[in-house]
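The primary structure of each chain is shown beneath.
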There are 2 protein chains.
Amino acid sequence: MAKAYERIADELRDSIRAGQLAPGDRLPAESELSERFGRSHVTIREALRVLQTEGLIEKQHGRGSFVRQPRTKVRRTNERHQWEKDRARISEEQRSETGAAEHDTGLTVNDLVFRASYRDGAASPEIAKAMGIPEGTPLLERVYRTRYSAERAPLGLITSHLVRERIEANPDLLDETKEPWPGGTWNQLLTVGIEIDRIEELVTARPPTAEEAEELDLPPGTSVLQLRKTSYDTEGNVAEMSDVILPGDRTELLFTTHLERW
Amino acid sequence: MAKAYERIADELRDSIRAGQLAPGDRLPAESELSERFGRSHVTIREALRVLQTEGLIEKQHGRGSFVRQPRTKVRRTNERHQWEKDRARISEEQRSETGAAEHDTGLTVNDLVFRASYRDGAASPEIAKAMGIPEGTPLLERVYRTRYSAERAPLGLITSHLVRERIEANPDLLDETKEPWPGGTWNQLLTVGIEIDRIEELVTARPPTAEEAEELDLPPGTSVLQLRKTSYDTEGNVAEMSDVILPGDRTELLFTTHLERW
DNA sequence: GAGTGGTCTAGACCACTGT
DNA sequence: CAGTGGTCTAGACCACTCC
């Protein structure tokens, strides 16, 4: 007495798990499944929808439904922060070879495309709370994308918040045509006397908004990883806070924690 | 010429974002929406499904559709590792004293273990690779749940893998009736001469399997955070590896990275 | 044009929640 | 019991892909 669409989903799921349907294979057409199971078009589609939200299949309009290939993941580590900090003080030429995103992906600078836009803002209640500053504090907000040139979709959507007053000593930092910041964010912060002491990263998972799904080219049912990165300076104040939206199906985050020895 | 269900979804989404429909509010019945928009039952349901997968509404059979309340999140930090390590060597009485104090600082460890089951296993290719050991190495696998006393659904599903040979010097570790391990995992590892030096945590997001959705009481569209925690001893070998499945809608992970000072 | 999945209808009936 | 959402049908037509 189980629901029809569940029985059909179960049967197809078993076929996939057993390997009778391998990754990349096309499933039988909906019309054929409809006939085989003696159920209507709508019921078949409901069954396929179950498998789709489980991430097992992918539907392509006009072509068919396919068993999903596991996506190759881009790994982002927290060791990159020390690496970036070290890099901020080495020479310009050595530095120009690579950037932080390359550290994670192993790609060279030519493969990566950045697009940045700056805008002035003021701290909303939520941002103010997260940064430990008064509401309405003038901010510089940088919005950018990192993208691997061979792929259509960005690796991540980033919004970065900086307190304007703390960085305006260096006019380059307010000019979006200077992006990516020569020498990287860390080097530029150094020019205005800011040294980062610790970084907190708050990770959550949630469904994408319609806009995010569009921009990151996320298949239905995929979620995003949201990473709120807060950088504290040596006085314990927030120097920068950024929100990073990462596609859940092709990102993995690696955090290493070193412990004191006994 | 937009699709009808998208227009309807857009309109309802706008109402929610504008606050005309507040969290907890019931949406108009499907039959009423059907009449209002002049569309069939199925089309209305398609529109509501869009909002559901965006996490904006929650449907309850027989009661109605409701604007979702943001869930209160359980925070898990990586500072807990140092704290746990420190705790492993202090006396039993001191341990119970500090429990409450640390709880206030956000390092919650008063989750209670219920239902632990042990089984003997051998390292699969995937596990062997992750632990850096030969395939087929005898393992002790502990499967357990942590939950807060007040809540129904577990906070996480955990499978922990230990190399049998390294821990069998202490028979208590092989006995599932001794769970939770007196003094905690760290203290018990200490009894067999293992000191943990560093921990790697690999975080990914994915849709839940049907079983996980059931056990964690996840609404449709919610994803899980998968955390693979690998503990390395002072020789650089893997002492323990565990997979933790966390509900994406009520978990946040906080990682702090301390940097070397200039 | 043939074959695929996507949207939609009008209506039936089932299953769950409340009173 | 009335009111809600959940399953299902039979059929129409649309939109996309590939040959």
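Residues numbered from 1 in each chain as written. Chains lettered and ligands numbered in written order. Predicted model: local features only at pLDDT ≥ 70, side-chain atom pairs only at ≥ 80, totals over all residues. Heavy atoms only, no water.

Student: Please provide a residue-by-residue account of the side chain of S160(A), values included.
Tutor: Residues and elements named next belong to chain A. Within the secondary structure layout, S160 lies in strand β6 (residues 156-163). A distance of 2.6 Å separates a polar atom in the side chain of S160 from a polar atom in the side chain of E240. Beyond its immediate chain neighbours, meaning those up to four positions away, S160 contacts L140, E141, R142, Y144, E240, M241 and S242. (Helix = DSSP H or I, 4+ residues; strand = E, 2+ residues; numbered from the N terminus. Polar contact = N/O pair within 3.5 Å; in protein donor to acceptor, adjacent residues only side chain to side chain. Contact = heavy atoms within 4.5 Å.)

Student: So what about the relation of the copies chain A and chain B? Which residues, and what values?
Tutor: Here the two chain copies are tied together by a rotation about an axis and a shift along that axis. Expressed as a screw operation, the relation of chain A to chain B combines 0.1 Å of axial shift with a rotation of 180°, fitting to an RMSD of 0.1 Å. The operation mapping one copy onto its partner corresponds to a two-fold rotation axis. In this assembly the copies share their binding face: 100% of the residues contributing to the interface of chain A also contribute to that of chain B. (Least-squares fit on C-alpha atoms with pLDDT ≥ 70 in both.)

Student: Report on the protein's contact with DNA strand C, specifying residues and quantitative values.
Tutor: Surveying the vicinity of DNA strand C reveals 25 residues, the closest of which are E30(A), R45(A), A4(B), Y5(B) and T43(B). The sugar and phosphate moieties of DNA strand C supply 73% of its atoms located within 4 Å of the protein. In this structure, Y5(B) approaches DNA strand C through a side-chain N or O atom, which is 2.5 Å from a phosphate oxygen. H61(B) has a polar side-chain atom sitting 2.9 Å from a base nitrogen of DNA strand C. Of all the secondary-structure elements, those providing two or more residues to the surface near DNA strand C are α3 (41-53), β1 (57-60) and β2 (64-67) of chain A together with α1 (4-18) and α3 (41-53) of chain B. Residue composition of the surface near DNA strand C, by class: five nonpolar, 12 polar and eight charged. (Near = heavy atom within 4 Å. Nonpolar A, V, L, I, M, F, W, Y, C, P; charged D, E, K, R; others polar.)

Student: I'd love a proper account of the environment of V67(B), names of residues and values included.
Tutor: Residues and elements named next belong to chain B. Along the chain, V67 falls in strand β2 (residues 64-67). C-alpha separation for the pair V67 and L27, spaced 40 residues apart in sequence, amounts to 7.2 Å. Residues in contact with V67, not counting those within four places in the same chain, are I16, L21, A22, P23, G24, D25, L27, L56 and I57.

Student: Can you break down the packing of aromatic side chains residue by residue, with the values?
Tutor: Summed over the entire model, instances satisfying the criterion amount to one aromatic pair over all chains. Between F255(A) and F255(B), the ring centres sit 3.7 Å apart and the planes meet at 0°, which makes this aromatic pair stacked. Here the residue F255(A) occupies a position in strand β10 (residues 251-258), and F255(B) occupies one in strand β10 (residues 251-258), the pair thus bridging two chains. Each member of the pair F255(A) and F255(B) is classed as buried. Sitting over the ring of Y232(B), R198(B) keeps its end group 3.9 Å from the ring centre. (Phe/Tyr/Trp six-rings, centres within 6.5 Å; stacked < 30°, edge-to-face > 60°. Buried < 20%, exposed > 50% of the residue type's maximum accessible area, 1.4 Å probe, protein only. Lys NZ or Arg CZ within 6 Å of the ring centre and 35° of its normal.)

Student: How would you explain the interface of chain A and chain B if you had to name every residue and give the values?
Tutor: How big an interface is tends to be stated in terms of the accessible area lost upon association of its parts. Across the contact, 49 residues belong to chain A and 49 residues belong to chain B. Among the residues of chain A in contact with chain B, T257(A), L259(A) and W262(A) are the three that bury the most area, contributing 19% of the side total. At the boundary of chain A and chain B, one finds four salt bridges. The salt bridge involving R261(B) is made with D197(A); its shortest N-O contact spans 2.9 Å. Viewed at the interface, chain B and chain A are joined by 21 residue pairs in polar contact (both at pLDDT 80 or more). Elements represented by at least two residues in the side of chain A that touches chain B include exactly α3, α4 (79-87), α9 (184-191), β7 (196-206), α10 (210-216) and β10 of chain A. The biggest single contributor to the side of chain A that touches chain B is β7(A), with 10 residues. The class makeup of the residues in the side of chain A that touches chain B is 18 nonpolar, 14 polar and 17 charged. Of the pairings in the sheet, the one linking β7(A) to β10(B) comprises six bridges and is antiparallel in character. The partner of R198(A) across the bridge, within β10(B), is H258(B). (Buried area = accessible area lost by both parts, 1.4 Å probe. Salt bridge = Lys/Arg side-chain N within 4 Å of Asp/Glu carboxyl O. Pairing = 2+ DSSP bridges.)

Student: Can you lay out the pairing of strand β5 (residues 138-147) of chain B for me, pointing to particular residues and giving the numbers?
Tutor: All names here are of chain B. Counted residue by residue, β5 has eight buried out of 10 residues, so it is predominantly covered. Pairing of β5 with strand β6 (residues 156-163) involves eight bridges; the strand directions are antiparallel. In the sheet register, R142 faces β6, and the bridge partner there is S160.

Student: Give a description of the nonpolar core that names residues and reports values.
Tutor: Grouped together as the largest cluster of nonpolar side chains are 35 residues, with contacts concentrated most on V203(A), L225(A), L253(A), I196(B), V203(B), L225(B) and L253(B). No other element matches the four residues that strand β7 (residues 196-206) of chain B contributes to this core. Aside from chain neighbours lying at most four places away, what touches V203(A) is L225(A), Q226(A), L227(A), L253(A), F255(A), V203(B), T251(B), E252(B), L253(B) and F255(B). (Core = buried A, V, L, I, M, F, W, Y, C linked by side-chain atoms within 4.5 Å.)

Student: Provide a residue-level description of the pattern of salt bridges, including the pertinent values.
Tutor: Oppositely charged side chains can form a pair if their charged atoms are brought close together. The final tally for this structure, using the stated rule, is 47 salt bridges over all chains. E200(A) is the partner of R198(A) in a salt bridge, and the nearest nitrogen-oxygen pair spans 3.2 Å. Residue classification places R198(A) among the partly exposed positions, given a relative accessible area of 21%. A relative accessible area of 18% means that E200(A) is categorised as buried. Here K85(B) ties to E195(B) by a salt bridge, and the two come within 3.0 Å at their closest N and O atoms. Of this pair, K85(B) sits in helix α4 (residues 79-87) while E195(B) sits in the loop between α8 (184-191) and β7, and the two are 110 residues apart along the sequence.

Student: Now, about α1(B): what can you tell me, with residues and values included?
Tutor: Residue and element names in this part refer to chain B. With 15 residues, α1 ought to run about 21 Å at 1.5 Å a step, and its terminal C-alpha atoms sit 21 Å apart, in line with that. Taken as a whole, α1 has its buried residues at A4, I8, A9, L12, R13, S15 and I16. Considered in projection along α1, the buried side chains sweep an arc of 160° and stay on one side of the axis. Seen from the open side of α1, the exposed residues pointing more than 90 degrees away from its buried face are R17 and A18. Those residues of α1 that are buried are in contact with α2 (30-37), α3, β1 (57-60) and β2. Remark: G19 follows α1 within two positions and exhibits a positive phi of approximately 90°. (Expected span 1.5 Å × (residues − 1). Arc of directions from axis to C-beta.)

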